[in-house]
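A look at the structure
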Amino acid sequence: MPLEEGDPVRRRGQQVNGEVSGTPRLEGTRDTPPRATQAPDGSGTEGWEPEPALGDKDTTPGGALQRAGQEPERCEEALMAELSELVQKVVKSSSWWERHGVDTSILACSFLLLPAGFLCLWSAQAVPFLAGVLILGVVHHTLTVKGSHLASHNALTQSKSWGKVWAVFFIEVCSAFTSEQATYNHVKIHHGYTNVIGLGDSSTWKLPFLNRYVYMFIAPLAVPILTPLVALGLLRNVERKAALRTLCCMFLGLYCHYWLLLHVSGFQSPWSALLCMLLTRSLLAHPYIHVNIFQHIGLPMFAPDRKPKRIHLMSLGVLNLPRNALLDWSFGHSLISCHVEHHLFPSLSDNMCLKIKPIVSQYLRQKKLPYNEDTYASRLRLFLRRYEELMVHAPPITELVGIQ
């Protein structure tokens with residue numbers, strides 16, 4: 001999907017809990033800027049193992065000067081390695097049920113609720129009919145958001161082969177999108193370059209020609225229509241075999257939904273069935289759009305050649321929202337209250353992200369690193385108040401001062 005290029009530096013600041021502060025200075029930092037580092041290729045975002053440590057000694061000429069410049073990098077790598085070791089202990093001591101079973105059961109329960117949802121729509125009474133809309137809407141978003149997100153990170157199973165199968169099913173059949181492009185844009189770009197201007201800065205979610213109220217409250221209703229249209233446009237970027245598979249899977253998912261509404265729910269008109277499809281598929285579209293912008297936009301943004309290492313990049317540029325029963329079920333913990341943990345360890349399931357949350361939050365605070373949290377209502381007020389600055393104009397680049 002198109003990405004917007006960042007404008008030249010205009011302002012510098014850090015967004016934490018809805019307020020803008022000055023240039024971020026972490027404790028123990030110096031006033032000399034860090035060395036410019038190249039952007040990662042994104043290939044390491046799926047694993048949560050620590051990055052390789054640098055050598056302890058430098059025997060090349062001028063080694064003393066090189067060591068001085070490498071000290072901040074070594075310290076950051078040591079922090080990530082230490083945190084990864086703590087998380088690894090928790091993962092190894094966890095059962096299969098904790099690592100994969102809980103989230104698999106939630107997806108399975110969603111499938112089991114589908115017959116009840118379609119049968120409720122058959123009723124002519126308002127309460128059962130609305131219950132059917134609610135059931136199908138929640139099930140749809142559970143499969144398309146939670147299922148697709150976990151499948152894109154291969155967090156549903158330890159098998160890579162089965163992981164690809166689940167990715168095609170949840171992303172293409174259930175979500176009507178192309179698996180290759182969804183995985184590339186989310187895993188390689190968004191996770192590999194989180195809040196890096198022109199790459200992972202969430203600019204694909206911006207529609208600057210819309211005003212704040214249309215974007216926040218009306219445009220989300222069009223998500224079920226725009227999603228397959230955007231997917232069709234992206235098919236030119238994939239191989240012909242994959243494009244044909246995607247078209248078949250998209251048609252299968254959409255037609256099955258339509259057929260069930262006609263033959264199980266008893267809709268008499270094709271247009272009424274299509275309208276019900278739109279209603280159920282857009283039921284949670286508003287929080288879906290909101291969550292995607294609340295947790296990154298408005299936080300520090302970085303230039304590709306002036307970004308911090310991974311642990312600082314994720315602690316500065318990612319925000320957690322409070323737990324919410326409905327969104328936890330349909331979107332998953334890793335997209336709501338454990339988004340920081342998910343960006344640090346993206347291959348972990350939602351339940352495991354929730355389990356390591358106390359360890360990650362305690363560690364980051366102990367090391368005086370940011371751990372951004374804010375409420376849904378607070379972020380909504382912030383975006384309505386500063387929509388022009390955050391969603392129309394190019395975001396400011398954060399100036400890093402001696403991050404170690």
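In this text, all values refer to a predicted model and were calculated from it rather than measured experimentally.

Things to note about the overall build of the protein chain
On a plain count of helices and strands, the protein chain comes out with 16 helices and 4 strands. The buried share among the 404 residues of the protein chain stands at 51%. A fraction of 75% describes how many contacts in the protein chain between residues 6 or more apart in sequence connect residues 24 or more apart. Carbon and sulfur atoms form 63% of the exposed surface of the protein chain, whose accessible area is close to 19,100 Å².

A word on the packing of aromatic side chains
Aromatic ring pairs are defined here through the distance separating the ring centres and the angle between the ring planes. Throughout the structure, instances matching the rule amount to 13 aromatic pairs. Aromatic side chains Trp166 and Phe170 sit 5.8 Å apart centroid to centroid with 35 degrees between the ring planes, which places their arrangement in the tilted category. Here Trp166 and its partner Phe170 are both found in helix 4 (residues 160–174), 4 residues apart, which amounts to about one turn of the helix. Taking relative accessible area as the criterion, Trp166 reaches 33% and is therefore assigned partly exposed.

Some remarks on a nonpolar patch on the surface
A surface patch of nonpolar side chains, about 440 Å² in accessible area, is lined by Ile225, Leu226, Leu229, Leu232 and Leu247. With 4 residues, the top contributor of residues to the nonpolar patch is helix 7 (residues 223–234). Position of Leu232 among the secondary structure elements: in helix 7.

Some details on the UniProt feature "transmembrane region" (unreviewed entry) in the protein chain
Annotation from UniProt places "transmembrane region" (unreviewed entry) at residues 213–235 and 242–260. The distance from the first to the last C-alpha atom of residues 213–235 is 32 Å, and the span holds 78% helix and 0% strand. Taken as a whole, residues 242–260 contains 100% helix and 0% strand, while its terminal C-alpha atoms sit 27 Å from one another.

So, unusual backbone geometry
Positive phi is not limited to glycine here, since Asn154 has a value of about 55 degrees. The residue Asn154 is located in the loop between helix 3 (126–152) and helix 4 in this model. For Asn195, which is not glycine, the phi dihedral falls at a positive 60 degrees. With a relative accessible area of 0%, Asn195 lands in the buried category.

Let's talk about the packing of helix 3 against helix 9 (residues 270–281)
Packing of helix 3 against helix 9 leaves a shortest axis separation of 8 Å and a crossing angle of 60 degrees. On the basis of the axis angle, helix 3 is oblique to helix 9. Contacts between helix 3 and helix 9 pair Val133, Leu136, Gly137, His140 and His141 from the former with Leu279, Thr280 and Arg281 from the latter. Per-class residue counts for the contact of helix 3 with helix 9 are 3 nonpolar, 4 polar and 1 charged.

Observations regarding helix 7
Spanning 12 residues, helix 7 covers 16 Å between terminal C-alpha atoms, matching the ideal 16 Å at 1.5 Å per step. Three or more residues of helix 7 are buried, namely Val223, Pro224, Pro228, Ala231 and Leu234. The buried side chains of helix 7 occupy one side of the element, clustering within an arc of 130 degrees when seen end-on. Each element contacted by the buried residues of helix 7 is listed here: helix 5 (179–191), helix 8 (240–263), helix 9 and helix 10 (285–294).

Examining the pattern of salt bridges
The full count for this structure, using the stated rule, is 11 salt bridges. A salt bridge links Lys355 to Glu98; the nearest nitrogen and oxygen atoms lie 3.0 Å apart. Here Lys355, found in helix 14 (residues 350–366), pairs with Glu98, found in helix 2 (residues 96–120); they are 257 residues apart in sequence, far enough to count as distant. Relative accessible area serves as the criterion here: at 30%, Lys355 is assigned to the partly exposed category. One salt bridge connects Glu373 with Arg365, and the closest N-O pair in it is separated by 2.8 Å. For Arg365, a relative accessible area of 44% gives the class partly exposed. If you follow the salt bridges from partner to partner, you end up with Asp103, Lys146 and Asp350 in one network.

Conventions adopted
Residues numbered from 1 in each chain as written. Predicted model: local features only at pLDDT ≥ 70, side-chain atom pairs only at ≥ 80, totals over all residues. Heavy atoms only, no water. Helix = DSSP H or I, 4+ residues; strand = E, 2+ residues; numbered from the N terminus. Buried < 20%, exposed > 50% of the residue type's maximum accessible area, 1.4 Å probe, protein only. Contact = heavy atoms within 4.5 Å. Areas by Shrake-Rupley, 256 points an atom, 1.4 Å probe, with all protein chains shown as cover. Phe/Tyr/Trp six-rings, centres within 6.5 Å; stacked < 30°, edge-to-face > 60°. Patch = residues over 30% accessible without salt bridge, like charges linked within 9 Å, V, L, I, M, F, W, Y side chains within 5 Å. Salt bridge = Lys/Arg side-chain N within 4 Å of Asp/Glu carboxyl O. UniProt positions renumbered as here; feature names shortened; annotations may be inferred. Axes fitted to C-alpha atoms, helices over the stretch in contact; angles between N-to-C directions. Parallel < 35°, antiparallel > 145°, perpendicular 65-115°, else oblique. Nonpolar A, V, L, I, M, F, W, Y, C, P; charged D, E, K, R; others polar. Expected span 1.5 Å × (residues − 1). Arc of directions from axis to C-beta.

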